[in-house]
Amino acid sequence: MIPISKPVLGEEELKAVKEVLVSGYVVQGQKVEHFEKDFSDYIAVTHAIAVANGTIALDVALKAMGIEEGDEVIVPSFTFISTANSILFQGAKPVFADVDDKTFNISPNDVLEKLTDRTKAIIGVHLFGHPFDVNAIQEICEDHNLFLIEDGAQAHGAEYEGRKVGSFGLVGCFSFYATKNMTTGEGGMITTDSRDITKACGLLRNHGESQKYYHTSLGYNYRMTDIQAAIGLAQLKKLNGFNDERINHADYFNRHLNVEGLKLPHSKNGIKHVYHQYAVTIEEEEEGFPMSRTEFMMYLKNKGIGSAIHYPLPIHKQPLYQRLGYTDETVQCPVATALSQKILSLPVHPALTEKDLVFIAETINNLESE
Ligand SMILES: Cc1ncc(COP(=O)(O)O)c(C=O)c1O
């Protein structure tokens, strides 16, 4: 089976972990500091704060900027659940914006529709590795005095007008979950140029501790370990290579996939798309794709090719959010709703071989003759 995702871990990671284990210092220490330094240099920001996962990165970032009950934060409805949940964690209200039907990213026009006098921040998600429209969203933030949070969980190394994502907002948040463009198993990172945010995140991450056993504020244990950081350091060195592989694989599919009704991913000018996912849409009714998405997934599975739906529901339709009172009448996100019915991710990860690429493309192109 060709899996939909696969982490690439090798001798370098093994050696790095062994070194930490042999040292006996396995909790947050020098390796975490080193990883923070290298990651901040990579993104080109002054600070990076490592945490236990990407959900925590978002949670801590929103807490550090003082988002609280009564505030509204605009977030795309088409993303992974934790982007929106991080707003709920603050007792604040997620307000869902629709997405662009080509890039699947937050729609600046719809953000303008969703602003109120309670809006405090916008979370833009660089979904599937394609940067959102940073200039337009930044302009809205500046005009309305809002914080910008970049969710770069799927976009390590992606660029917008030559700059790495995670360097535009007041904060950038990253995940190092196993399927991401680089991994530490579980892990997360906050990037920022703000010293105040860095300090606040550091306190939140470690029990509000200002000196050993002196606690000045309410904090958590949200730390990353040196074991994870050692893996992260090795993976960061390989990240550009991993991204090049993903881009080459996507390019191969773009050149070879040719089935009526199968729409291939869009990449806007002026950006670097790092293809966390290669997400196609199946235009069954209008453009004659020969089978339903479920049948297509089954066809691929029977041929030994993994695929996945990211995401089968827009966030406002998730049972949790329906219970909170979000309905189709109160949330207008028609593009996100339609996308969830027709989107499908195909394997694009760096572990694919040339043989896999040829097989995947041929299997899909032969669909109609089956
Ligand atoms: C867009 C997005 N935001 C946030 C997260 C949360 O990251 P983690 O799984 O590390 O908590 C993910 C990870 O799946 C994600 O894809």
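Residues numbered from 1 in each chain as written. Predicted model: local features only at pLDDT ≥ 70, side-chain atom pairs only at ≥ 80, totals over all residues. Heavy atoms only, no water.

### Some remarks on the packing of helix α10 (residues 293–303) against helix α13 (residues 354–365)
The geometry of α10 relative to α13 is characterised by a closest axis approach of 11 Å and an angle of 135 degrees between their N-to-C directions. In terms of axis orientation, α10 runs oblique to α13. Between α10 and α13 lies a crossing whose hand is right-handed. Contacts from Phe296, Tyr299, Leu300 and Lys303 of α10 reach α13 at Phe359, Thr363 and Ile364. The residue inventory of the contact of α10 with α13, partitioned by class, reads five nonpolar, one polar and one charged. (Axes fitted to C-alpha atoms, helices over the stretch in contact; angles between N-to-C directions. Helix = DSSP H or I, 4+ residues; strand = E, 2+ residues; numbered from the N terminus. Parallel < 35°, antiparallel > 145°, perpendicular 65-115°, else oblique. Left-handed = near helix turned anticlockwise from the far one by under 90°. Contact = heavy atoms within 4.5 Å. Nonpolar A, V, L, I, M, F, W, Y, C, P; charged D, E, K, R; others polar.)

### Side note on the sheet that holds strand β15 (residues 343–346)
With antiparallel pairing, the three strands of this open sheet are ordered in space as β12-β14-β15. What marks the edges here is a single partner per strand, and that holds for β12 (262–263) and β15. Alignment of β12 against strand β14 (residues 278–282), held across two bridges, turns out to be antiparallel. Bridge pairing in β14 places Leu262 opposite Ile282. (Pairing = 2+ DSSP bridges.)

### A closer look at the confidence of the model for the chain
For the chain, the mean per-residue pLDDT works out to 97, and 99% of the residues sit at or above 70. At the low end of the mean pLDDT range in the chain sits helix α9 (residues 284–287), at 66; at the high end sits strand β9 (residues 188–192), at 99. (pLDDT = per-residue confidence, 0-100.)

### Notes on the site of the ligand
Taken together, 15 residues surround the ligand, and among them Gly54, Thr55, Asp151, Ser175 and Lys180 come closest. Within the contact set of the ligand, an oxygen atom lies 2.8 Å away from a backbone nitrogen or oxygen of Gly54. At 2.9 Å, a side-chain N or O of Gln154 approaches an oxygen atom of the ligand. When the ligand sits alone it has 390 Å² of accessible area, and the protein chains cover 92% of it. Its atoms largely coinciding with the cavity grid, the ligand occupies the largest pocket. (Near = heavy atom within 4 Å. Polar contact = N/O pair within 3.5 Å; in protein donor to acceptor, adjacent residues only side chain to side chain. Areas by Shrake-Rupley, 256 points an atom, 1.4 Å probe, with all protein chains shown as cover. 1 Å grid on protein atoms, 1.4 Å probe; cavity = no way out; pocket = protein on both sides within 12 Å on 5 of 7 lines; lining within 4 Å. Sits in = over half its atoms within 2 Å of the grid points.)

### Notes on the pattern of salt bridges
With the rule as written, the count across this model stands at 14 salt bridges. Note that Asp59 and Lys63 form a salt bridge whose closest N and O atoms lie 2.6 Å from each other. Here Lys63 and Asp59 lie together in helix α3 (residues 54–64), a separation of four residues that amounts to about one turn. For Asp59, a relative accessible area of 4% translates into the label buried. Linking Lys114 and Asp110 is a salt bridge whose minimum nitrogen-to-oxygen distance equals 2.8 Å. Remark: Asp110 and Lys114 occur in helix α5 (residues 108–114); sequence separation between them is four residues, near one turn of the helix. Both residues of the pair, Lys114 and Asp110, count as buried. Put simply, Glu12, Glu13 and Lys238 are held in one network by salt bridges that share partners. (Salt bridge = Lys/Arg side-chain N within 4 Å of Asp/Glu carboxyl O. Buried < 20%, exposed > 50% of the residue type's maximum accessible area, 1.4 Å probe, protein only.)

### Quick word on unusual backbone geometry
Excluding glycine, residues mostly carry a negative phi; peptide bonds, for their part, are mostly trans. The omega angle of the peptide bond from His310 to Tyr311 is 15 degrees, so this bond is cis rather than trans. For Tyr311, the position within the fold is in the loop between α10 and α11 (319–323). Even without glycine at this site, Asn145 takes up a positive phi of about 60 degrees. Relative to the helices and strands, Asn145 is located in the loop between α6 (134–144) and β5 (147–151). One non-glycine residue, Glu161, adopts positive backbone phi at about 45 degrees. Take Glu161: it is sitting in the loop between β6 (159–160) and β7 (163–164).

### With respect to the sheet that holds β5
Sheet strands pair by backbone hydrogen bonding; their relative direction is either parallel or antiparallel. With mixed pairing, seven strands are arranged side by side in an open sheet as β1-β9-β8-β5-β4-β2-β3. Each end of this open sheet is capped by a strand with a single partner; those strands are β1 (47–51) and β3 (93–97). Taking each pair of neighbouring strands and ignoring which way they run, the sheet shows an average axis angle of 25 degrees. The pairing of strand β8 (residues 171–175) with β9 spans four bridges and is antiparallel. Bridged to Phe174 within β9 is Met189. Packing of helix α7 (residues 195–205) onto the sheet brings it into contact with β1, β8 and β9, and relative to β1 it is tilted by some 15 degrees.

### Points about the packing of helix α2 (residues 30–43) against helix α8 (residues 226–256)
Two quantities define a packed helix pair, namely the angle between the helix axes and the distance between the axes. The N-to-C vectors of α2 and α8 enclose an angle of 25 degrees; their axes lie 7 Å apart at closest approach. In terms of their interaxial angle, α2 and α8 are classed as roughly parallel. For the element pair α2 and α8, the recorded crossing hand is left-handed. For the pair α2 and α8, contact is made by Gln30, Lys31, Val32, His34, Phe35, Asp38, Phe39 and Tyr42 and by Asp226, Ala229, Ala230, Gly232, Leu233, Leu236, Leu239, Asn240 and Asn243, respectively. Tallied by class, the residues present in the contact of α2 with α8 amount to nine nonpolar, five polar and three charged.

### A look at the packing of aromatic side chains
Applying the stated criterion to the full structure yields 17 aromatic pairs. With centroids separated by 5.5 Å and ring planes inclined at 80 degrees, the aromatic side chains of Phe96 and Tyr321 adopt a geometry described as edge-to-face. Highlighted residues: Phe96 in strand β3 and Tyr321 in helix α11, separated in sequence by 225 residues. Ring pairs connect the aromatic residues Phe78, Phe80, Phe104, Phe128 and Tyr311, which therefore count as one cluster. The side chain of Lys164 reaches across the aromatic face of Tyr42, ending 4.6 Å from its centre. Taking NZ or CZ as reference, Lys212 lies 4.9 Å from the ring centre of Tyr213, over its face. (Phe/Tyr/Trp six-rings, centres within 6.5 Å; stacked < 30°, edge-to-face > 60°. Lys NZ or Arg CZ within 6 Å of the ring centre and 35° of its normal.)

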